[in-house]
Amino acid sequence: MLVRLTDLYTFRLETRDGKGARLKDVYFDDRTWGIQFFVVAPLSRGPYPLLLLLPNLVRASNLDNRVLSLGLNETDLLQLLPISTARPVCKQYEQVTNGYAIRNSGNNNPHLRSCVAITGYSFRSGPESRETLADFAIQSSSWAIELLLTNFLRSVEPAAVKQISWASSSLFLKPACLNSPLFQRSHSIISSSPARSFPDLSSVIN
C-alpha cells in the first residue's frame, strides 16, 4: 500500500514490549529511492538522541490504527545508532565561507538524502518553477519512495528526477521524461486519512 509520509509522522512505532517512538525523518538513497533509515525519537523518559532505525526492523504496519510494529524491544531500540552516525547531504555542509558551502571531509555518503530537508525543493525543467515537493508516497511493502507529490496535488515518479541539488534547493527533471508514461497515470494515495487522487504531471513544470 502507498502511504503519505506526512501521515507516517503521526504513526506510533511500537516495540514488542509495548513502548513507543515517533518518526521524525526518513533518509533515502537518491539512486534507488529506497529508504535507508527511519529517524525516530523514543517516547521513553530521558534525553535520548534521535536514533536510526533500519526499515527491516518494521515487522508489520496497521494503517487503520496508525501503528508500525517493530521487531525489537525498548532496550534494543535505545541501543540503535544515533543520528550523528549517518549524515545526509544537507548535513554534510556545515561551514559557509565567503558565500560558498564547504563539504566536510570524512566518510560521507553523497547519495543519502533527508526527506525533511528536500521537502519544499522546486521541480525544475526550465528557467522558472511553480511546483514544489510537498510530500512523498511510500510503498509500505518495500519501504521505497514510489511517488513525489507536489504542492499542486500532482505526482512525479522518482525515475523522472535527473538530479537533486542542495545548492539550488531543486529537483531537476529529465527532459525525455516529460511526455513519457511517468506523467500519464493517476494514483490514489492510501493512508490513515481519506484517499486523495494525485494525477501525474501531463505537461512541463515551469
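Structure shown above.
Remember, it's a predicted structure, so these values are computed and weren't measured experimentally.

Enquirer: Help me out: how do you make sense of the pattern of salt bridges in this one?
Expert: Pairing between side chains becomes possible if they bear opposite charge and their charged atoms approach one another. Here the structure, examined in full by the defined rule, presents 6 salt bridges. The salt bridge involving E14 is made with R12; its shortest N-O contact spans 3.2 Å. One network of salt bridges, in which partners are shared, links R4, D7 and D135.

Enquirer: How should I be thinking about the side chain of D30 in this particular structure?
Expert: With respect to the element layout, D30 can be found in the loop between β3 (20-29) and β4 (35-42). Of the polar contacts made by the side chain of D30, one reaches the side chain of H111; its length is 2.8 Å. Aside from chain neighbours lying at most four places away, what touches D30 is P110, H111, R113 and I164.

Enquirer: So what exactly am I meant to see when it comes to the side chain of R113 here?
Expert: Inspection of the secondary structure puts R113 in strand β10 (residues 112-114). Only 3.0 Å separates the side chain of R113 from the side chain of D30, close enough to count as a polar contact.

Enquirer: What am I meant to see in the sheet that holds strand β16 (residues 170-173) here?
Expert: Across a sheet, paired strands are connected by hydrogen bonds in the backbone, their directions being either parallel or antiparallel. Spatial ordering of the open sheet is given by β11-β16-β15, a layout of 3 strands whose pairing is mixed. Since the sheet does not close on itself, it has two edges, and those belong to β11 (122-124) and β15 (161-165), each with one partner. Averaged over all adjacent pairs, the angle separating strand axes in this sheet is 20°, with direction ignored. Inspection of the sheet shows β15 paired to β16 by 4 bridges, in the antiparallel sense. Within the sheet, the bridge partner assigned to S165 lies in β16 and is S170.

Enquirer: For this particular structure, what's the right way to read the packing of aromatic side chains?
Expert: Within a pair of aromatic rings, the relevant descriptors are the distance that separates the centres and the angle that separates the planes. What the rule picks out here adds up to 3 aromatic pairs. Aromatic pair F28 and W33: ring centres 4.9 Å apart, planes at 20°, arrangement stacked. For the pair F28 and F136, a centre-to-centre distance of 6.5 Å together with 55° between the ring planes defines the contact as tilted. Placement of the pair is F28 in strand β3 and F136 in strand β12 (residues 133-139), with a sequence separation of 108 residues. In this structure F28 comes out as buried when scored by relative accessible area, which is 0%. Joined through ring pairs, the aromatic side chains of F28, W33 and F136 make up one cluster.

Enquirer: Please clarify how the environment of W166 should be interpreted in this entry.
Expert: Within the secondary structure, W166 is located in the loop between β15 and β16. Residue W166 is classed as partly exposed on the basis of its relative accessible area, which comes to 29%.

Enquirer: Sorry if this is basic, but what is going on with the nonpolar core here?
Expert: In summary, soluble globular proteins display a tendency toward joint burial of nonpolar side chains. If you look at the biggest cluster of nonpolar residues, it comprises 39 residues, and the most contacted ones within it are L53 and L148. Ranked by residues supplied to this core, first place goes to β3 with 4 residues. Sequence-distant contacts of L53, that is, excluding residues within four places in its chain, are made with L13, Q36, F37, F38, V40, V58, L70, L72 and L80. The next biggest cluster of nonpolar side chains, apart from the first, holds 5 residues, and it includes Y27, V39, A86 and L112.

Enquirer: Honestly, the environment of A137 in this entry has me stumped. Any pointers?
Expert: Here A137 is to be found in strand β12. Linking A137 and L149, residues 12 residues apart in sequence, is a C-alpha distance of 7.1 Å.

Each value, and the rule that gives it
- Residues numbered from 1 in each chain as written.
- Predicted model: local features only at pLDDT ≥ 70, side-chain atom pairs only at ≥ 80, totals over all residues.
- Heavy atoms only, no water.
- Salt bridge = Lys/Arg side-chain N within 4 Å of Asp/Glu carboxyl O.
- Helix = DSSP H or I, 4+ residues; strand = E, 2+ residues; numbered from the N terminus.
- Polar contact = N/O pair within 3.5 Å; in protein donor to acceptor, adjacent residues only side chain to side chain.
- Contact = heavy atoms within 4.5 Å.
- Pairing = 2+ DSSP bridges.
- Axes fitted to C-alpha atoms, helices over the stretch in contact; angles between N-to-C directions.
- Phe/Tyr/Trp six-rings, centres within 6.5 Å; stacked < 30°, edge-to-face > 60°.
- Buried < 20%, exposed > 50% of the residue type's maximum accessible area, 1.4 Å probe, protein only.
- Core = buried A, V, L, I, M, F, W, Y, C linked by side-chain atoms within 4.5 Å.

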